[in-house]
Amino acid sequence: MQRVLEQGEEFLIDNIIVVAKDLEKMGVRAITSDCGFMIRFQKKVAASVDVPVILSSLLLLPLLSVPFPVSKKLVLSPPIESV
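One numbering rule holds for all chains: residues counted from 1, following each sequence as written. Two thresholds apply to this predicted model, a pLDDT of at least 70 for residue-level local features and 80 or more for giving and counting side-chain atom pairs, whereas whole-chain, interface and lining totals are computed over all residues. Hydrogens are left out, water is left out, and the side-chain values use all remaining heavy atoms of the structure.

## Structural notes on a nonpolar patch on the surface
Then step 1. The patch calculation keeps residues exceeding 30% relative accessible area without a salt bridge and links them within 9 Å when they carry like charges or within 5 Å when they are nonpolar (Val, Leu, Ile, Met, Phe, Trp, Tyr). All accessible areas in this document rest on Shrake-Rupley with a 1.4 Å probe, and a residue is counted as covered only by the protein chains that are shown. Should a side-chain nitrogen of Lys or Arg be within 4 Å of a carboxyl oxygen of Asp or Glu, the pair is scored as a salt bridge. A surface patch of nonpolar side chains, about 1000 Å² in accessible area, is lined by Ile39, Ile54, Leu58, Leu59, Leu60, Leu61, Leu63, Leu64, Val66, Phe68, Leu74 and Leu76.
Then step 2. Top element by residues in the nonpolar patch is helix 4 (residues 61-65). It accounts for 3 residues.
Then step 3. Numbering of helices and strands runs from the N terminus; a helix is a DSSP stretch of H or I covering at least four residues, while a strand is a stretch of E covering at least two. Note that Leu60 resides in the loop between strand 2 (53-54) and helix 4.
Then step 4. A 1.4 Å probe rolled over the protein chains alone gives each residue an accessible area, and that area as a share of the maximum for its type sets the label: buried under 20%, exposed over 50%, partly exposed in between. Judged by its relative accessible area of 44%, Leu60 is partly exposed.

## Concerning helix 2 (residues 9-25)
Then step 1. By this rule the span expected of a helix is its residue count minus one, scaled by 1.5 Å. With 17 residues, helix 2 should reach 24 Å at 1.5 Å per residue; the first-to-last C-alpha distance of 24 Å fits that figure.
Then step 2. One or two positions beyond helix 2, positive phi appears at Gly27, with a value near 100 degrees.

## Topic: the side chain of Gln42
Then step 1. Along the chain, Gln42 falls in helix 3 (residues 42-48).
Then step 2. Classification of Gln42 by relative accessible area gives buried; the value is 11%.
Then step 3. Here the side chain of Gln42 touches Val53 through a polar contact of 2.7 Å, landing on its backbone oxygen. Polar contacts, as used here, are pairs of N or O atoms within 3.5 Å; protein pairs need one atom able to donate a hydrogen and one able to accept it. Residues neighboring in sequence count only if both atoms are side-chain atoms.

## Structural notes on the nonpolar core
Then step 1. If you look at the biggest cluster of nonpolar residues, it comprises 13 residues, and the most contacted ones within it are Ile16, Ile31, Phe41, Val45, Val49, Val53 and Leu55.
Then step 2. The element that contributes the greatest number of residues to this core is helix 2, accounting for 5 residues. What is meant by a nonpolar core is a set of buried Ala, Val, Leu, Ile, Met, Phe, Trp, Tyr and Cys residues, joined one to another through side-chain atoms within 4.5 Å.

## Digging into the side chain of Ser56
Then step 1. Positionally, Ser56 belongs in the loop between strand 2 and helix 4.
Then step 2. A polar atom in the side chain of Ser56 sits 3.0 Å from the backbone oxygen of Gly36.
Then step 3. Any two residues having at least one pair of non-hydrogen atoms within 4.5 Å are treated as being in contact. For Ser56, the contacting residues outside a window of four places in its chain are Ser33, Cys35, Gly36, Met38, Ile39 and Gln42.

## Observations concerning the environment of Ala46
Then step 1. Locating Ala46 in the fold gives a position in helix 3.
Then step 2. Taking the C-alpha atoms as reference points, Ala46 and Ile17, 29 residues apart in sequence, are found 8.8 Å from one another.

Rendered as structure tokens:
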């Protein structure tokens, strides 16, 4: 996150897309990440390659809400050290 603040989002998205395309050329069948903050790059990276892309665990929110009644609220919070 510090890098986004210092160098800007465009610097990162360009590099992420380059790496995604390299991975695709290497023959990967999918690209994943484990950082919720990567949600901001999901659409652009997914559009840049022809393999499935899941960059953020936040994409699972619709699935996580299924087993809970509508009357219940689901709260997700990052570890304090990542904020």
